[in-house]
Each structure stands twice: as C-alpha cells, then as structure tokens.
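Secondary and tertiary structure notes
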Amino acid sequence: EELNDYLNKATITERTAENIAKTYKMVEEALKESGTAFVFSIAPNKSSIYDHMPYYYTQLAADGNMELLLKAFEEAGVTHTDLAGTFKQENTVLYQRTDSHWTYEGALFAYREIIKASGLELDLFEDMTFEERRDWSGDLAVMLYSNPAPDYQKYSTEPFNFSYTSRETAVDALSLSTKNTKGTKNLLSFRDSFSNTMHVFFAEAFASAEFERAVPYDLTNALNGKYDLVTVELVERNIANLAGKAPVMQAPTVELSLLAEKVNPLIITLKTVENGRFTHFFGEVDETVLGTDYELYIMLYDDESSQAYAAFPIFEQELMEAENPQDNGFSAYIAKTLVQDKKVAVLLSVGDKMYFADMSESLEPEQFTTGLIEKDGELYYVDLLNGITPGRLK
C-alpha cells in the first residue's frame, strides 16, 4: 500500500494538497476562536524512514503525497509536525521490525513533537525509560506467516496512572476516552492505528482525552472551548483519503464585499443531504473556469438579509458517486435552523474574479444545476451586501 509513496509517485495533485491544507487551516482558525490549539501530524510510512525495499524499486526525483502536503501546510500556515524529518535524524530504530508501526518508544517521540508544536506546557516524559520484551505480534508477520514468532517491543518501565472512561478499552476501538486526575487540560484526537501505542502518552498527560477513529472527522462539539488541544494523526499511505471527506463542522461565516460578474460560461453542480442538525451542501465546479486554486461560498438569503458561509474545497467522492477522487469540489455543513426558509446562491472566487449563481429558482430536494445569471445577453453585476438580491438585478 505504501509503494507509490516510496517511489515518490504522487496520487494527489498539487491543487488537492492545497485544498486539504486550506481545509485544515479553516479548521484551525475556527478552533483558535474558541481558544483551542490544533496540530496535524502525518505518521510516516516505515519505508519512508528505513529503506528496506528491494533494489529494483527506483525512486523518482519528485514529491510524493507527504511532501506535497507538508509544503501546502507550510504555505497555508497550518500548525503541523514533520515527523518524517525528525525520525530520520534519530540514530535509534523507532519502528517495529515485523510491524508497519512505530514502537512505544517511537510513539513517545511522535507525542513529544506534537506537544511541542501545540505550544502547551505538558509533560514530555523526558525521564521515561524502556525495557524490551519479546511478546509483540507484528502485523506484517501475521500477514505473511500462519504462526510467526513474536517481535521485540519496548515498554515503559514506569506504570501509567490514567484510566479508561469509555465502554470500549481495546486500543483499536473506534472511540476511546480516558481521564487522569493529575492532568489539567482536555484533548480531542482524531487518529488511526499509529495511535494504538501513542494514545497512552496523551492519556497520561491530559485530564481527559477523547480518541476518535471514525471519518469524516466530527468537530461539531469542538468549537465551544471544550478542548485545549485538537490533533489529527494520519499515516502517510492514507493521505489521499483526506481529499474525499470534509470535516463535519458549522461552516464559518464570511463578509464579502466583492462584486460578482459574468465573464465565462460556468456550471456549478450543487447537492444537499440532511446530516444530523446540519444541511450538507456539496458539489463540484466546472474545470474550465478553475485556476490553480479557488474559494467557494454558500449564500443563504431572503428579501431582508443575506449571509455567506465558506465551504471547504473538498470533493465528496462517495456522496458524488464518483469512481475517482477529484480536486474541483466543495463541501459545507450549515445548521438547519440557518437554512430554513432561505434561498440559496453560490459565490465562486477564482483569482481576481467572483462568479455568482442563483440556485433557488431550480431548487429540487436532492440536486440542482445552473449556469451564471444572464438576461438577454446583458452583463450584470450583483452586490449582495447592499441588498441587491438575485431577483432585483440592476
């Protein structure tokens, strides 16, 4: 599964990487407003750190998915770690010999990098020591052999004081929660199997910690200041999955002062589904009008007022019933109470142009498609902030 990553053969485009980075910058900014720190971490594939691949696999002189995304994070200002870079600087082997994951010692190394990036003053367990025991069932060995010999694992020589508060306590459970009376802060962590070992250090350091494996990442209850830190940890080989599902959270409101104009033909496909207390708006934009990047807003309006909401630049592959991922989509969750009795329009910003499309006249329960507003071949400008609605073009 990690061969493309090893060969530096990207399976996402540069625009996809930029769209993912934009999405998590929007997440970080929303969390910051409630006083919550955010850190995104990519757990590097084993073969990205320790080159054990056969000689006939020749690496390309190019950027793979991880390199593209790390560059996009840097440019967008997303708080993140470069675990691959820091792991490569270590002389100690921190991954299992017969497993695709890091050891507990490697997990502690990653934990420290995440906490440092967060800026929070928390225990880094600098005095923790480890001992080896040969009792680990390596996932790679299990795949290859019917009865493999156990692998060595490095365990902490000191006991942990945290306790589980969730019904499930298995390390690979979809949802885990812990508490520690010695901790002072609260954590929400979206994670994968690399946190099977890493989560114990977070559980030990935080007063309460929640660990979630379900996707899409649900941030519905994270924007009220409940948590001091929200983290995302995802293995390198699954980076492309980020492009197919947007996080679940109320779309941020924005104030727009740009004029919308018709310059080129434009088609926007917009769909809606009900998702809990949200109406989920998602769709795609015609490639012919998109540049290297774009921003899209959902406008809800009536005769008295209008409000724009920023959409994530994520193509909802499953909901769009698409065979392949794409980098021309959008996704926004808006509370049903805000959508009720409102008309819908879409504003698309590409470069220095703003396009406007009114979706309400052809609105159907599940899907509606439209082009730009035009009347008798004339060019119209629409300023929504000054009360000129699509029904009263001037």
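The structure displayed is predicted, hence computed values, not measured ones. (Residues numbered from 1 in each chain as written. Predicted model: local features only at pLDDT ≥ 70, side-chain atom pairs only at ≥ 80, totals over all residues. Heavy atoms only, no water.)

This paragraph deals with the layout of surface pockets. The calculated volume of the largest pocket comes to roughly 630 Å³. Forming the boundary of the largest pocket are 29 residues, of which Lys25, Met26, Glu29, Pro252 and Ala310 lie nearest the centre. Breaking the lining of the largest pocket down by element, the ones donating at least two residues are α2 (14–33), α4 (65–76), β9 (253–254) and β13 (295–301). Per element, the largest residue contribution to the lining of the largest pocket is eight residues, and it comes from α2. Class assignment for the residues of the lining of the largest pocket results in 16 nonpolar, four polar and nine charged. Taken as a whole, the second largest pocket holds about 530 Å³ of empty space. (1 Å grid on protein atoms, 1.4 Å probe; cavity = no way out; pocket = protein on both sides within 12 Å on 5 of 7 lines; lining within 4 Å. Points joined across faces, edges and corners; volume = space filled by probe spheres on them. Helix = DSSP H or I, 4+ residues; strand = E, 2+ residues; numbered from the N terminus. Nonpolar A, V, L, I, M, F, W, Y, C, P; charged D, E, K, R; others polar.)

In spatial order, the strands read β1-β8-β6-β7-β5-β4; together these six strands make up an open sheet with mixed pairing. Edge positions in the open sheet fall to β1 (37–43) and β4 (163–164), since each of these has one partner strand only. Across five bridges, the pairing between strand β6 (residues 186–190) and strand β7 (residues 208–212) is parallel. Within β7, the position partnered with Leu187 by the bridge is Ala209. Sheet strands touched by helix α6 (residues 104–118): β1 and β8 (229–235). Its angle to β1, the strand with the most contacts, is close to 150 degrees. (Pairing = 2+ DSSP bridges. Contact = heavy atoms within 4.5 Å. Axes fitted to C-alpha atoms, helices over the stretch in contact; angles between N-to-C directions.)

Next up on the list: the confidence of the model for the protein. Mean pLDDT over the protein works out to 88, with 88% of the residues at or above the 70 mark. Taken together, the stretch residues 362–375 has pLDDT below 50 and engages in 44 contacts with residues farther than four places along the chain or on a different chain. The model gives residues 378–394 a pLDDT under 50, and that stretch makes 38 contacts with residues more than four places away or in other chains. (pLDDT = per-residue confidence, 0-100.)

An ideal rise of 1.5 Å per residue puts 28 Å on 20 residues; α2 measures up with 29 Å between its terminal C-alpha atoms. Just downstream of α2 lies Gly35, where phi reads positive at about 80 degrees. (Expected span 1.5 Å × (residues − 1).)

The subject of this paragraph is the packing of aromatic side chains. Counting across every chain of the model gives 24 aromatic pairs. For the ring pair Tyr24 and Phe38, a centre distance of 6.4 Å and an interplane angle of 10 degrees mean the geometry is stacked. Pair noted here: Tyr24 is in helix α2 and Phe38 is in strand β1, with a separation of 14 residues, a long-range link. Phe38 gets classed as buried once you look at its relative accessible area, which sits at 3%. Between Tyr56 and Tyr57 the ring centres are 5.0 Å apart and the planes differ by 50 degrees, which places this aromatic pair in the tilted class. Site record: aromatic cluster; members linked through ring pairs are Tyr111, Phe125, Phe160, Phe162, Tyr164, Phe201, Phe202 and Phe206. In this arrangement the basic side chain of Arg133 is found over the ring face of Tyr155, its NZ or CZ atom lying 3.9 Å from the centre. (Phe/Tyr/Trp six-rings, centres within 6.5 Å; stacked < 30°, edge-to-face > 60°. Buried < 20%, exposed > 50% of the residue type's maximum accessible area, 1.4 Å probe, protein only. Lys NZ or Arg CZ within 6 Å of the ring centre and 35° of its normal.)

Two elements in contact, α6 and helix α8 (residues 195–205), have axes separated by 8 Å at closest approach and are oriented at 50 degrees. The orientation of α6 with respect to α8, classified from their angle, is oblique. The handedness of the crossing between α6 and α8 is right-handed. Contacts from Tyr104, Ala107, Leu108, Ala110, Tyr111, Ile114 and Ile115 of α6 reach α8 at Thr197, Met198, Val200, Phe201, Phe202 and Ala205. Of the residues assigned to the contact of α6 with α8, the class counts are 12 nonpolar, one polar and no charged. (Parallel < 35°, antiparallel > 145°, perpendicular 65-115°, else oblique. Left-handed = near helix turned anticlockwise from the far one by under 90°.)

Moving on, we come to the packing of α2 against α4. Following both chains from N to C, one finds α2 and α4 inclined at 45 degrees, their axes separated by 8 Å at the closest point. Comparing the axis directions of α2 and α4 gives the class oblique. Crossing angle aside, the handedness with which α2 passes α4 is right-handed. Residues Glu14, Ala17, Glu18, Ile20, Ala21 and Lys25 of α2 form the contact with α4, whose own contacting residues are Leu68, Leu69, Ala72, Phe73 and Ala76.

Here we come to the pattern of salt bridges. Going through the model one piece at a time under the given rule, you end up with 13 salt bridges. Ionic pairing is found between Glu318 and Lys245, a salt bridge with its closest N-O pair at 2.9 Å. One end of the pair, Glu318, is in the loop between β14 (306–310) and β15 (329–335); the other, Lys245, is in the loop between β8 and β9, with 73 residues separating them in the sequence. The partly exposed category is assigned to Lys245, whose relative accessible area is 30%. Counted as one network, the salt bridges with shared partners bring together Arg15, Glu287 and Asp327. (Salt bridge = Lys/Arg side-chain N within 4 Å of Asp/Glu carboxyl O.)

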